Structure formats: C-alpha cells, structure tokens
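Each chain, letter by letter, is given below.
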Amino acid sequence: MSTAENLPYELLGRYFSGEATPEEAMAVDDWIREHRDHRKLYDQVAAVWDDAALQQRYRLPDKAAALQELKAKMTGRPVVRKMLPLSRIAAGLVLLAGVAAILFFMLRSGNEREAPAIVSKQTGEAIRRDTLPDRSTVVLNSHSALQYAEGFRDTARWVKLSGEAWFDVTSQPHKPFIVAVGDVRIEVLGTSFNVRQSDTAIAVMVKTGAVRMSEGDSSIQVKAGQEGVYHIARKELGLTAGAFNSNQLGYATRVFNFDNITLKEITAQLEKAYGIRVVFENKALEDCTMSSSFDNKPIEYIFEVISVTLNVTCRFEKEEVFINGAGCGG
Amino acid sequence: MDIHFGKAKDQEKLVEECFHTYFDGLHRYAFTILKDNDEAKDAVQAVFLKLWEKRADIDEQQSVKSYLYTAVYHYCLNVKRHEKVKDNYLAQRPPAFEHRNELVSKETHRRIMEHIDSLSPQCRLIFSKSRFEGRKYAEIAADLGLSVKTVEVQMGKALKILRAKLFDITIMILFACLFLCVSI
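Given the structure is predicted, the values throughout are model-derived calculations rather than measurements.

A. Here's a closer look at the pattern of salt bridges. Within this structure, the stated rule accounts for 25 salt bridges over all chains. The closest approach of N and O atoms between Arg234 of chain A and Glu236 of chain A, which form a salt bridge, is 3.2 Å. Arg234 of chain A sits in the exposed class, given a relative accessible area of 54%. The partly exposed category is assigned to Glu236 of chain A, whose relative accessible area is 37%. Linking Arg135 of chain B and Glu139 of chain B is a salt bridge whose minimum nitrogen-to-oxygen distance equals 3.0 Å. With a relative accessible area of 23%, Arg135 of chain B lands in the partly exposed category. The network of salt bridges with common partners includes Glu10, Arg14 and Glu24 of chain A together with Lys149 and Glu152 of chain B.

B. Spotlight on the nonpolar core. With 63 residues, the main nonpolar core has Phe16 and Tyr42 of chain A together with Phe48, Phe127 and Leu159 of chain B as its most contacted residues. When residues of this core are assigned to their parent elements, the largest contribution, 11 residues, is made by helix 1 (residues 8–34) of chain B. Excluding anything up to four places from it in sequence, Phe48 of chain B contacts Leu70 of chain A together with Val15, Cys18, Phe19, Leu26 and Leu68 of chain B.

C. Looking closely at the pairing of strand 8 (residues 184–188) of chain A. Residues and elements named next belong to chain A. Where burial is concerned, the two faces of strand 8 differ: the one with Val184, Ile186 and Val188 is buried and the one with Arg185 and Glu187 is not. Direction of pairing for strand 7 (residues 177–181) relative to strand 8: antiparallel, over a ladder of 5 bridges. Bridge pairing in strand 8 places Val179 opposite Ile186. A loop of 2 residues connects strand 7 with strand 8, the two strands running antiparallel in sequence, and Gly182 in this loop sits at a positive phi of about 55 degrees.

D. View of the sheet that holds strand 16 (residues 277–280) of chain A. Residues and elements named next belong to chain A. Across the sheet, 3 strands lie side by side as 16-19-18; this open sheet has mixed pairing. Strand pairing shows two members of the sheet lacking a second neighbour, strand 16 and strand 18 (313–317), which therefore form its edges. Ignoring which end each strand starts from, the neighbouring axes of this sheet average 25 degrees apart. Inspection of the sheet shows strand 16 paired to strand 19 (residues 320–324) by 4 bridges, in the parallel sense. Bridge assignment links Val279 to a residue of strand 19, and that residue is Phe322.

E. The interface of chain A and chain B, seen in detail. Taken residue by residue, the interface counts 63 residues in chain A and 67 residues in chain B. Interface area for chain A against chain B, summed over the two sides, is near 6,600 Å², with a carbon-plus-sulfur share of 60%. With its nearest N and O atoms 3.1 Å apart, the salt bridge here joins Glu152 of chain B to Arg14 of chain A. For the pair chain A and chain B, the interface holds 30 residue pairs in polar contact (both at pLDDT 80 or more). Of all the elements in the fold, those that place two or more residues in the side of chain A that touches chain B are helix 1 (2–5), helix 2 (9–16), helix 3 (22–34), helix 4 (36–52), helix 5 (63–74) and helix 9 (299–310) of chain A. Sort the elements by how many residues they give to the side of chain A that touches chain B and helix 4 of chain A lands first, with 11 residues. The class makeup of the residues in the side of chain A that touches chain B is 34 nonpolar, 7 polar and 22 charged.

F. Helix 3 of chain A, seen in detail. Between the first and last C-alpha of helix 3 of chain A there are 18 Å, a value that for 13 residues agrees with the 18 Å anticipated at 1.5 Å per step. Among the residues of helix 3 of chain A, those classed as buried are Pro22, Ala25, Met26, Val28, Asp29, Trp31 and Ile32 of chain A.

G. Structural detail: helix 8 (residues 263–274) of chain A. All names here are of chain A. Under the 1.5 Å per step criterion, the end-to-end length of helix 8 is 16 Å for 12 residues, consistent within 8% with the ideal 16 Å. Within helix 8, burial applies to Leu263, Ile266, Thr267, Leu270, Ala273 and Tyr274. Axial view of helix 8: buried residues confined to an arc of 125 degrees, hence all on one face. Residue Gly275 follows helix 8 closely and has a positive phi angle near 65 degrees.

Rules of the game
Residues numbered from 1 in each chain as written. Chains lettered and ligands numbered in written order. Predicted model: local features only at pLDDT ≥ 70, side-chain atom pairs only at ≥ 80, totals over all residues. Heavy atoms only, no water. Salt bridge = Lys/Arg side-chain N within 4 Å of Asp/Glu carboxyl O. Buried < 20%, exposed > 50% of the residue type's maximum accessible area, 1.4 Å probe, protein only. Core = buried A, V, L, I, M, F, W, Y, C linked by side-chain atoms within 4.5 Å. Helix = DSSP H or I, 4+ residues; strand = E, 2+ residues; numbered from the N terminus. Contact = heavy atoms within 4.5 Å. Pairing = 2+ DSSP bridges. Axes fitted to C-alpha atoms, helices over the stretch in contact; angles between N-to-C directions. Buried area = accessible area lost by both parts, 1.4 Å probe. Polar contact = N/O pair within 3.5 Å; in protein donor to acceptor, adjacent residues only side chain to side chain. Nonpolar A, V, L, I, M, F, W, Y, C, P; charged D, E, K, R; others polar. Expected span 1.5 Å × (residues − 1). Arc of directions from axis to C-beta.

If you want it as structure tokens, here you go:
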C-alpha cells in the first residue's frame, strides 16, 4: 500500500474538521474520483473519523428521494434573471401584451383550462418510496400503480391507486387529500394510513389521525389504530373488530413487532421493507424463531441483533445478506 | 447577453445531471460543516433550488461546479451562524444521540479510543479538541499558543497514525482467519 503513505492527510483533516474551503472540498472529491484505491483509503480515514465519536455518523441520504423533493420545489419557480434596463422595458411590454392576450382568451373561451399532465408511478417486484408534490410521502408496494395530476394544482389533492400503498400525508386543511381506489374514495386532511386493494376487498389501516372512507352515498370514519374494509361483492363498508397487525405495514414504516415467528418469515418482511435479498446458506436456520421489535432501524443493526440472538452469522454483500452458522438449536 | 442552460426541458435535465454528479460530494461537504445528515441534505437542496432559479445566469459545467461548492459553503456557514444565535437563547443542545449502528461501532470506538491514547500528548490534545469539542483550528491554535499550520500538521499526523493502526489490524485479522481456514 504505497499510496497510503502519500495520502493528503492534512487536507483530509481540514475536510473532516469542517475547515475546508470550497476549493479544498473540490480537491478532496477530485482526489477520491481519481483512483479506486483513493476511494478505499478515503473510506478508511472517514471510518476513523466517524467511529472516534459516538455522534451522528455520516450517511448519504436517499438520493432519488432527495431529487424528487427538489423537483417538486423546482416546478413553479420562475427564472430569476439580472436584467438590463432596456430589457426591463421590453419585459414590461411583453407582460402587457401577455395580460391582454390572457384577457382576450379568457373572454373568448370562458373557463377552459389546460389539463395538467398526469404523473404515473408503477412498481414491479420492488417497492418504491416517493415524495408527492405536496411533500406527502408514499410507499408503493409491489405490483401497484399510482396516478396524480402534476403539481396538485386542483382544489383537492387527488391520487388514483390500484394495489397497495402507504401514505403519510402532510396537513393542508384547505386542500383535502383524496385517494380513489376502485369504487372507494378515502378522504383525509393530514394523517398516515395504508390502502390495500385485493380482488374481494379494499382495506384501509390508519396509523395516525383519521380518514373518511366513502362509496356512493355511504361513508364511515376510520380512526387511528382501526381498519376500515369495503367488501367489493357486497358493496358494504365496515370496521374490522380489534386492532390490525402493524407488521403488515412494515414494508413501508419499517416498524416491526416480531412475536416468536420464524426467521424465514422475518427475513421475508425485511427483504421487502429494505429492498435486500436474504440467502440461507444453512437451510435449517429458516425455522429458528425469535421475538424482537424494531422501530425503523438500519438494516445492519437488525441483522446484528438477529445474529447475536440466534447465534448465526450474517454477511453483507451489496444488497444480499448471507445467513450461516451453527444455529439456534445448540 | 443571457448565457443559457438551453431550452426548458434541457435545463431540467442539466440540473438533474448536475445533481447526480455533485450531490454525493456536496452532501458530504455540507455534513463536515453542519455535522448533521438532514441539515446537510436541506442545504444541498436549497443550493440546487437557487441554481434552478439562477439557471439563466450560469454558463458552463466548470463554473457550475464551483458555484455549487461555494454556495454550499456559504449556506452552511449561514446556518451555523443562526444556530449560534439560537444557542444563546436556548440552553446548549444535548449532543444528538443516535441509536444507529450502536452495536457495530461500540467495539470499534473502544479500539479507536485506545489508539488515540497512544498518540503523542500534543497530537492527542489537538485531535480531541477538533474531533470531540468541535473547535475551530484557529481556536485550538490560539488556546495552545501554536500556529494554525502546526494544528493542521498534527491533525494530519493523528489521522495517518490512526488509519494505519486500525486498518493494518483488520488486515492482520483477515490474514489470521484465512490462515486458520486454510490450515483446518
């Protein structure tokens, strides 16, 4: 490892300490990109820095989600330009002409408005986490689809769902959020809930707040902890007795309460929620059982707990986790 | 004399391209200053939003890059300035406690602490002041009656020694494992 000796340690020190100027930060990033070994060495120094203090570690956020959020904010932002006086006058004239044109068209064609573009999201096997234009979040389960008008400029926030999805809706008292699924409409103000459509029923599990489920003229209110069900054949709305099993929402919330269930069932749920694949190198381990609860923990943490609890080893290779070991019997 | 990012559709694509190219680096940089993942993300997004608004005034790739880094830098300093003002009113914030990786890092943390103890006294003091107390280089230099350059050199030295010790050990363990496996 000869390159290790030539590491720009002083530059990295300044960088990690938060002392780097923009130019130095660019130099660090350029250096990392220069060579694969550089990346590795950088990671090692970063690990030293991160692990030295039990404070918040560096973690790259979900880039796709961050881009979605940014795009939502970008729509509707005008270009801000520096203008020369002459072009200002020109702009004024253009504005006047524009207003005249708009008035002309409004008077001529009444209230005809251009229909906004429809955004469609669809999932295959993998689930998908998204941020909607109003910053509500949605987790679309496997084989589901969601549609909505770009920008939510209507008086209500309409989305059309088929399949299953989890919604965490931002509160906008004057702009209700409405999910249309099959014949059912679910209207909310600000809450989190799950909608699942099957061949026979549409079920709404509410985690926080309350929603109104309606079909035709009839409607019911579903509150936190309750599940509202619409029987498609009987065309009937009703509440399920008792609380629902919150593990059913695990794919979206990453909140799990495992109560003496098999490792096979546990990993099946984790695979979905975290988009990983679990491989049992020792098949006998599938039947080990354990109880534990996790509240939106990093996947590495969960497998650490599993390996300690069941005396197994969990090896990470990219998106795959290999489980091996003597196992729970001994 | 508007220098353009092109047509509306291309503009969005260009911003997106910049986002993909620079997000990682910018976010990491923002984190080094703010020490908070979420705040760092907000900072980078705010800067990209500004880029989007100013898209008409920005010319080519190269200047976009330095625009972004410089903007992140100033944005973060601004956030910190506001935090200082807030801190004057509120009691000192308790350090952000993270459950994350608790199990994984405790052992590593213990090992690092051992190695930090074995650094030379000056080196250890400077590293601790920067890493654990979050002091600025200039403050540390003033405290200890040293030049900023010395602080810089000592910090570099600390990182170099710690990296070498920690990762050579990992490699040794790895070799030991391999050796055992082979010999069994």
